[in-house]
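Listed below are the residues making up each chain.
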Protein chains: 2
Amino acid sequence: MKKLNIAIVGLGNIGSYLFQYLNLNKKILSKKNNCIPNVKYVSAKRKNKKRKFKIKKDQWLTNYIDATIKKDVDLIVELIGGAEGPAKKLVFNALKNKKHVVTANKALIAKYGDQLSKIAESNNVNLEFEASVCGGVPIIRSLKEGLIANKIRKVYGIFNGTSNYILSSMDKQNKNFKDVLMDAQKLGYAESNPTADLNGDDVSSKLKILSSLCFNSFLNSNIHVEGIKDIDKEDIDYANSLGYKIKLLGFSEQIKNNIYQRVHPTLVKNNSHVATIDGVLNAVIVEGSPVGQSIIQGAGAGAEATTSALISDISSILRGNVKFPFSISSKERKKLKFNNISERNFSAYLRFEVKDISGVLSNITNIFSRNKVSIKRLIQNPKKNKGTSSIIIITHSSKDKALNKIIKIVSKKKFIVSKPKLIRIDDY
Amino acid sequence: MKKLNIAIVGLGNIGSYLFQYLNLNKKILSKKNNCIPNVKYVSAKRKNKKRKFKIKKDQWLTNYIDATIKKDVDLIVELIGGAEGPAKKLVFNALKNKKHVVTANKALIAKYGDQLSKIAESNNVNLEFEASVCGGVPIIRSLKEGLIANKIRKVYGIFNGTSNYILSSMDKQNKNFKDVLMDAQKLGYAESNPTADLNGDDVSSKLKILSSLCFNSFLNSNIHVEGIKDIDKEDIDYANSLGYKIKLLGFSEQIKNNIYQRVHPTLVKNNSHVATIDGVLNAVIVEGSPVGQSIIQGAGAGAEATTSALISDISSILRGNVKFPFSISSKERKKLKFNNISERNFSAYLRFEVKDISGVLSNITNIFSRNKVSIKRLIQNPKKNKGTSSIIIITHSSKDKALNKIIKIVSKKKFIVSKPKLIRIDDY
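Residues numbered from 1 in each chain as written. Chains lettered and ligands numbered in written order. Predicted model: local features only at pLDDT ≥ 70, side-chain atom pairs only at ≥ 80, totals over all residues.

**A closer look at helix α2 (residues 85-96) of chain B**
Residues and elements named next belong to chain B.
Then comes step 1: Between its first and last C-alpha atoms α2 spans 17 Å; for 12 residues at 1.5 Å apiece the expected length is 16 Å, and the two agree.
Then comes step 2: Turning to α2, its buried residues are A87, L90, V91, A94 and L95. One side of α2 carries all its buried residues, which in axial view fall inside an arc of 115 degrees.
Then comes step 3: Looking at the packing, one finds that the buried side of α2 touches β1 (2-9), β3 (75-78), β4 (100-103), α3 (106-122) and β5 (127-128). (Helix = DSSP H or I, 4+ residues; strand = E, 2+ residues; numbered from the N terminus. Expected span 1.5 Å × (residues − 1). Buried ≥ 20, exposed ≤ 12 C-beta atoms within 10 Å, placed from the backbone. Arc of directions from axis to C-beta. Contact = placed C-beta atoms within 7 Å.)

Here is the structure:
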């Protein structure tokens, strides 16, 4: 039987799990793929770190970059992380030296995927990154293979388990953002520095990659990104009373000849499918022709789910077929027009905390009317003990820039007691 | 660029859609797969049938079986249907003559898949059948590739859109079985002869195929099959009042060293995921290690969704990699022990319609106690105008054969006015 020599670079949580998985499952993987996955080398920062598994002496590679020049390496699994530094150096050099690459690094692929795929293609090697988007959810392979027949018009969903855990726990456990975040960190669902999860950057990288795959376009950085850090328990409660849940969603959609990429907290009807996805789950929804709507969901993160994705990529390479990293040749990928969402229409939820004095409501509704945003529903909720009121407005579909202009104008008013909120509604 | 010559046999709803799709999308498929899908021949029963598309003179094949011997055919798409007759003859001959085969024929694969895959393997050609299970849901490719890392312990879900449409419409529109079935036929969701959809046979074929793929076993006919034709509106209403929905589910699961295959109407908690899948949708839920739970759902039938699946198979062959039809070599597939469900434990819902006379309840509960089935909940609902009562019992987990024995004993009692019901509960 043929054999493929693998070097694993990076032995954190995921790398360690993968190494042990490959040791345990070498036989069954060989049988399924007609080729032996042979872990020839591993490399990591610290050689002498205490580990739960044994690395053979001749498996250890002192300088990780040597993996890219050794003749007895066919495939490098990059598990260092980060868009720059050693991860970037490793992957560029690997592909230049005609090594296959499997990576879980969404930041790297979202930033340098176009360049990397060109090198992979001209050197006739694979660059696979299933593990970079939604861990155990086999969305990339499904887009490239299972759903290959389809012209996709929209891809969206819940791509970040940490944010989803926090929002659904705030909702279900009646706790505020800070308390839930602390719980999530204790449970290992949020990192000690959860910035990229909470500010939308993690979803942004994943969405850029999915966009390229869905629309056969190059990666594009025209993307609107908001995280969940401004969502209050109060917003979740008002949303509930109006029949909505709040979810952090990523969307990429083609409308006429424009593609809109956006990541933001979103009000979704509470009987919609995404509203039912709670906790650390991820769900990707694809709308295309001829298939209609497909949904794939599962564990989005963690060593187990990520290893499931890495093994699917490694297996694809074991079977010996070289594929285009982004589903189609770089020569055929298109420069599509990506548009800012300011010209797109949304209906929206706005919340204003105001001093409870006369004339405020007419002042606010006047601003809406002057900016041609029509109001569908309005709730005024006085907080008598504070001498303030919450004004919640649900608008009809309106230009995003008009909605933002209203927020800007109202923010400056003296009757405003805290930063106004704008949360877009998904009513499609 | 390389070229693959295709013969499409069968030009019904699906074959016609596929033929047109391939004409329209030849270019993009060639680019994505680096090989041209060339529809060399088509064959169908009636040459002169009025069709919405043109077939070139030299594309028409008068005798379909000639596709298996012509030198300028590489791949045959079988869309005749049925486990026997021309479909069987076509596929066996095609593989024997070293032609790749793509088929949507679940009955054929569920019955002859083992023999066929051996021939395909020894002749080094592909036999692909994504379209045979849940149409547009790319479950087979996901099991064989995206989730290849996983040891599966359970696969289950909603595999028949017609039954699911009927059950969810009975629930939501407050209509009885017959009326909903007539609606479904008008809407094209049920065939004029819907027997295989309603009696569970359709799900049974799909489940056998999924079992083999999940457990690396040969196909096995030890399967318990019940359809939905005995489900009354009354059962759906009682289920609702107890916090359940009724769904026709297929299950295949490994418990210790036994595999249990079963298809039956099932009470599922109304906050479970499957409870939310309404209408003609299909959903497949896979539980495995390391990935945990994955869910894939989408359109289960129709020419569009089925074509999406057929194209994914055709593309896989265009890319030129020969794969094991059942994910692993026939030499490695196992003869696992498939067990009858009579020894498996279930909690269950039972409904007895009885004459409203004294002593009936104690008579029934005695039978439960003698058969060691303990009762978790009991509702007696008198129908005064009829002089009868409904007795609904929810049991604790009990041996299936004990539950069936109770049904058998109670059925013979003189106080019984209609056939007792037994619906298993999924409480895992």
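**Concerning the packing of helix α4 (residues 139-146) of chain A against helix α4 (residues 139-146) of chain B**
Then comes step 1: Where α4 of chain A contacts α4 of chain B, the two axes come as close as 10 Å, and the packing angle between them is 125 degrees. As summarised for this structure, α4 of chain A and α4 of chain B are arranged oblique, according to the angle between their axes. Seen from above, α4 of chain A lies across α4 of chain B with right-handed handedness. Each of R141, S142, E145 and G146 of chain A in α4 of chain A lies in contact with α4 of chain B, whose residues at this interface are R141, S142, E145 and G146 of chain B.
Then comes step 2: Among the residues making up the contact of α4 of chain A with α4 of chain B, the classes are represented as no nonpolar, 4 polar and 4 charged. (Axes fitted to C-alpha atoms, helices over the stretch in contact; angles between N-to-C directions. Parallel < 35°, antiparallel > 145°, perpendicular 65-115°, else oblique. Left-handed = near helix turned anticlockwise from the far one by under 90°. Nonpolar A, V, L, I, M, F, W, Y, C, P; charged D, E, K, R; others polar.)

**Observations regarding the domain arrangement of chain A**
Then comes step 1: Partitioning chain A into structural domains gives domain 1 (2-132), domain 2 (145-301 + 331-338) and domain 3 (344-426).
Then comes step 2: Relative to domain 3 of chain A, the C-alpha centre of domain 1 of chain A lies at a distance of 52 Å. (Domains from an automatic or database assignment.)

**Overview of the nonpolar core**
Most often, soluble globular proteins have nonpolar side chains that are buried together.
Then comes step 1: Among the nonpolar cores identified, the biggest contains 266 residues, and V9, I76 and V77 of chain A together with V9, I76 and V77 of chain B are the most heavily contacted of them.
Then comes step 2: Contacts of V77 of chain B, omitting those with residues within four sequence positions, involve I6, I8, V9, L18, V102 and L310 of chain B. (Core = buried A, V, L, I, M, F, W, Y, C linked by C-beta atoms within 7 Å.)

**Some details on the confidence of the model for chain A**
Then comes step 1: Taken over all residues, the pLDDT of chain A has a mean of 95, while the share at 70 or more is 100%.
Then comes step 2: For this predicted complex, the interface confidence comes out at an ipTM of 0.91, alongside a pTM of 0.94. (pLDDT = per-residue confidence, 0-100.)

**Remarks on the pairing of strand β8 (residues 244-255) of chain B**
Residues and elements named next belong to chain B.
Then comes step 1: Taken across its 12 residues, β8 has 10 buried, putting it largely inside the fold.
Then comes step 2: Sheet topology places strand β6 (residues 151-158) next to β8; 4 bridges connect them, and they run antiparallel. Paired with K154 across the bridge in β8 is E253.
Then comes step 3: The pairing of β8 with strand β9 (residues 258-269) spans 12 bridges and is antiparallel. Its bridge partner being in β9, G250 is matched across the sheet by V263.
Then comes step 4: The hairpin turn running from β8 into β9, its antiparallel successor, is 2 residues long, and K256 in that turn takes a positive phi close to 50 degrees. (Pairing = 2+ DSSP bridges.)

**Thoughts on the environment of Y112 of chain A**
Residue and element names in this part refer to chain A.
Then comes step 1: The topology assignment puts Y112 in helix α3 (residues 106-122).
Then comes step 2: Given 19 C-beta atoms within 10 Å, Y112 falls into the partly exposed group.
Then comes step 3: Sequence separation between Y112 and E304 is 192 residues; the distance between their C-alpha atoms is 26 Å.

**A short note on the relation of the copies chain A and chain B**
Then comes step 1: Once chain A has been moved 0.0 Å along the axis and rotated by 180 degrees, it coincides with chain B to within an RMSD of 0.0 Å. Both copies of the chain, as the preceding transformation shows, are related through a two-fold rotation axis. For chain A, the minimum C-alpha distance to the rotation axis belongs to I296 of chain A and amounts to 2.3 Å.
Then comes step 2: In this assembly the copies share their binding face: 100% of the residues contributing to the interface of chain A also contribute to that of chain B. (Least-squares fit on C-alpha atoms with pLDDT ≥ 70 in both.)

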